[in-house]
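Letter by letter, the chains look like this.
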Amino acid sequence: MSFTSSSRQLPNTDETPERETPEPDAPSPGIEQPGPASQDASADSPDHARDTTDAEPGRGASSSGPEQPAPAAEGEPAVGTAQDATDPEPERGATDAEPVVRAPEGEVPAGSGAGSSSDEDEGGDDGDKPVPVSSPPPAGHADEGTDGGTDEDGDTGPAAAPSAGGVGGVGEAALPSGRVRGWRGRYPVAATVLAWTVTGLAAVLVLFALLMPGKADQFHPAQFLRVPVEAVFGAALVLVLPRRPRIAVSAVAGLALGVLTVLNLLDVGFNEYLGRGFNVVLDWALFSDAQAYLQDTFGGGGALGIAILAVVLVIAVLALVTLSVVRLGNLVARNSEVATRATLVAAIVWVTCAALGVQVTGVPIASEHVALAVQDRAHRVRDTIRDEAEFQKIAKKDTFANTPPDQLLTDLRGKDMMITFIESYGRSAIEDPVMAPGVDATLTAENRKLTGAGFAAKSGWLTSATYGGSSWLGHSTFLSGLWINNQQRYRTVTAGDHLTLPGAFAKTGDWDTVGVMPGVQKAWPEQKFYGIDKLYDSRDLGYRGPKFSWSTMPDQYALTAFERLVHGKKHDKPLMSTIILTSSHQPWAPIPRTVPQDQVGDGSVYDAIEKAGKRPGDIITDARKSKEEYGKSIQYSVTSLIDYLVKYGDKNTVLIFLGDHQPIARVSGDHASRDVPVSIVAKDPKVLDRIADWGWTDGLQPEHNAPVWKMSAFRDRFLTAYGSTPHS
């Protein structure tokens, strides 16, 4: 039964007529039993649509005998009309009548009117009609709407009246005692404040999502004082859509905006650590490496906690942004007249600012950030797919692929070769005002050691294919002579047979090739691609000391193990050794320190050093402390390497060492280059004479204006300089 068609109303008086409870076996005095005639008369009465039966609690279907009407006051219509008998059974089923509360004349019953929530239906009845306790609305009522009513999402008709019981929400139905049910009715001021607060927060969240940049250094107030064209378009669309399509469109748009917000957060992180945005095609594989890094840095419990927080954050962003867009869409539809004017004004402001190029502190007022971000991601996906096909063709071309073995590296025969990568050793270590004093002093001191031992060095700059991390991209670029700047290219090149520097030495048949890689902690199938005959990873070096955050062992120990297991033994052929040092890997806490060579042993000596060192949490959020500790780690790695060379190198030793990439932006700076230093060290002067025309700086520290090459160019220049003949 609908609210508007109910025939059960109280008489039109200010007070409910008193009733006497009839005795079970006899009617009460003064009660007239209506007969058929009176029922017919009642049915014809103008007041037959009103139901004055006010069932007492506990009565109804369980009462015995017919229900007795109360006597009517003089001049009032009779109660207990024939309409009672003809009304269908109430949907609630348990009672014959539903108690109602009659509002005084001139007052609006609690729970009706335009103040209703956008989330519930309410009837559009006139103010002088009673409000039933809990009868459900009729089917289709919320969809059809009525004049003066509020539909399910809050749309109001022209005759809507203010609600006495709801604030920004549906008024509560009247209780039998006349009180309004629900906390909104009991605390209307608090409900109003809460409703406006939630709406305000929703607006702030949506505006933030629409204007959020992808780099940490772009977060400043002017970035969020802009007019997003997407909001203007969205408001206009909401205003013209019917209720159901509007809610569906709002939900889909909110979810899409939530996804974009998550991707923007990933962009911020990737730009901070890797100097580039998140690639939605290739970068999902990096999360496993990130998890391993967190475990090594913060332990298993810390890594699990961070992972859980990340998942909760993603779910929260998706849910909150979606709900916020839906809420704001309902608000716009509920206040369509005001919203239409506001949307028109915003559109005019946006067009004007876009046409005139109005800016605040260099930031355009007219924003189309979301549209440009979506377009940029689409282009990146397209370029990634195209790049995969193009790179497969590039990787098949090799200038030295068909060079006969006896025409490769003829000027280095008999030399013990070492190619050593120092983790995160970048230009910033030598030129940043915070790190440079300590690092430059170390390079100067170590260069004096080399000179005193009869060695000489030349140094230059290479531009790495990666930044802040993904060291394997730098390694593969340098060794293969191909520009490997993403994971897809890395998979492609390592699955092929492109000639690498270790592979070129191995191809001649005159060198044994070995790899010392303390950072490798599991099977490494790339060994075959690089042409490394024997690999010594973290499990093969006999280390029994503690880890230093991500680094599995100190560089001094790794080099000592290399001497013990490989270099110090007799060989039929010279060695071509590829060594990757890890002590300068972030987070740069704790940092090992050098110990007397005869105390290195199995690494147990480093226990006390690790315990006395700083913790990652001590520096990871402080840029200056991170810079200072990073500089110290580079000093340690360079010192360990030069000390090894001076102690164990001879006239046939040739060392090439370089950084694989710059450190993260928090250390190198937001706009740092990707340059890394590279040096060639040898005792035999003929080795350095071969590269005299390269223009490199004498010593271990390249000058600021020394030549800068792409890292991928080194292989061919090196092979050519030392007697290799191209045969593509």
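Procedures and definitions
Residues numbered from 1 in each chain as written. Predicted model: local features only at pLDDT ≥ 70, side-chain atom pairs only at ≥ 80, totals over all residues. Heavy atoms only, no water. Helix = DSSP H or I, 4+ residues; strand = E, 2+ residues; numbered from the N terminus. Buried < 20%, exposed > 50% of the residue type's maximum accessible area, 1.4 Å probe, protein only. Contact = heavy atoms within 4.5 Å. Phe/Tyr/Trp six-rings, centres within 6.5 Å; stacked < 30°, edge-to-face > 60°. Lys NZ or Arg CZ within 6 Å of the ring centre and 35° of its normal. Axes fitted to C-alpha atoms, helices over the stretch in contact; angles between N-to-C directions. Parallel < 35°, antiparallel > 145°, perpendicular 65-115°, else oblique. Left-handed = near helix turned anticlockwise from the far one by under 90°. Nonpolar A, V, L, I, M, F, W, Y, C, P; charged D, E, K, R; others polar. Patch = residues over 30% accessible without salt bridge, like charges linked within 9 Å, V, L, I, M, F, W, Y side chains within 5 Å. Areas by Shrake-Rupley, 256 points an atom, 1.4 Å probe, with all protein chains shown as cover. Salt bridge = Lys/Arg side-chain N within 4 Å of Asp/Glu carboxyl O. pLDDT = per-residue confidence, 0-100. Core = buried A, V, L, I, M, F, W, Y, C linked by side-chain atoms within 4.5 Å.

Chemist: Describe the overall build of the protein, naming the residues involved and giving the relevant values.
Modeler: Along the backbone of the protein there are 23 helices and 15 strands. In the protein, buried positions account for 46% of the 728 residues. Taking the contacts inside the protein whose residues are at least 6 apart along the sequence as the reference set, 76% of them involve residues at least 24 apart.

Chemist: Describe the packing of aromatic side chains, listing the residues and the values that go with them.
Modeler: This model, assessed by the stated rule, comprises 23 aromatic pairs. Residues Phe278 and Trp284 carry aromatic rings whose centres are separated by 4.9 Å and whose planes lie at 80° to one another, so their mutual orientation is edge-to-face. Here a set of aromatic residues connected by ring pairs shows up, and it is made of Phe421, Phe478, Trp694, Trp696, Trp709, Phe714, Phe718 and Tyr722. Positioned over the ring face of Trp483 is Lys710, at 4.1 Å from the centre of the ring.

Chemist: Talk me through the packing of helix 6 (residues 229-240) against helix 8 (residues 286-334); I want residue IDs and the actual numbers.
Modeler: Packing of helix 6 against helix 8 leaves a shortest axis separation of 9 Å and a crossing angle of 60°. Judged by the angle between their axes, helix 6 and helix 8 are oblique. Here the hand of the crossing between helix 6 and helix 8 comes out right-handed. Within the contact between the two elements, helix 6 uses Ala235, Val238 and Leu239 and helix 8 uses Gly329, Val332 and Ala333. Grouping the constituent residues of the contact of helix 6 with helix 8 by class yields 5 nonpolar, 1 polar and no charged.

Chemist: Explain unusual backbone geometry to me, using residue names and the numbers behind them.
Modeler: In the segment running from Gln586 into Pro587, the intervening peptide bond is cis, with an omega of 15°. Here Pro587 shows up in the loop between strand 11 (575-581) and helix 18 (606-612). Of note, the bond from Ala589 into Pro590 is cis; its omega dihedral lies within 30 degrees of zero at -10°. Secondary-structure assignment places Pro590 in the loop between strand 11 and helix 18.

Chemist: Residue-level account of a nonpolar patch on the surface, with values.
Modeler: A contiguous nonpolar patch, built from Trp183, Tyr187, Leu194 and Val198 and spanning about 370 Å² of accessible area, is present on the exposed surface. Mapping Leu194 onto the fold places it in helix 5 (residues 188-211). A relative accessible area of 43% places Leu194 in the partly exposed class.

Chemist: How would you sum up the confidence of the model for the protein? Please name residues and give values.
Modeler: Here the protein averages 78 in pLDDT, while 75% of its residues score no lower than 70. Low pLDDT (under 50) marks residues 1-180, which in the prediction has 260 contacts with non-local residues, meaning those over four places away or in another chain.

Chemist: Can you lay out the nonpolar core for me, pointing to particular residues and giving the numbers?
Modeler: Counting residues in hydrophobic clusters, the biggest one holds 50 residues, and the most contacted among them are Leu409, Met417, Phe478, Ile656, Ile680, Phe714 and Phe718. Those residues in contact with Ile680 that sit more than four places away from it in its chain are Ala456, Ala457, Lys458, Val654, Leu655, Ile656, Leu688, Ile691, Trp694, Trp696 and Phe714. Formed by 49 residues, the second largest nonpolar core is a distinct cluster that contains Tyr425, Tyr606, Leu641 and Leu645.

Chemist: Go over the pattern of salt bridges, please, and point to the residues and values.
Modeler: Should their charged atoms come close, side chains of opposite charge can pair. In total, this model carries 23 salt bridges according to the counting rule given. Put simply, Arg413 and Asp510 hold a salt bridge, and the shortest N to O gap is 2.5 Å. Separated by 97 residues along the polypeptide, Arg413 in the loop between helix 10 (369-395) and strand 7 (416-422) and Asp510 in the loop between helix 15 (501-508) and strand 9 (512-517) bring together distant segments of the chain. The exposure class assigned to Asp510 is partly exposed, which follows from its relative accessible area of 32%. Where Arg427 meets Glu431, a salt bridge forms, and the shortest distance between an N and an O atom there is 2.9 Å. One end of the pair, Arg427, and the other, Glu431, are both in helix 11 (residues 427-431), 4 residues apart, so they sit about a helical turn from each other. By relative accessible area, which is 30% here, Glu431 ends up partly exposed. Each of Asp267, Asp376, Arg377 and Arg380 takes part in salt bridges that share partners, so that together they form one network.

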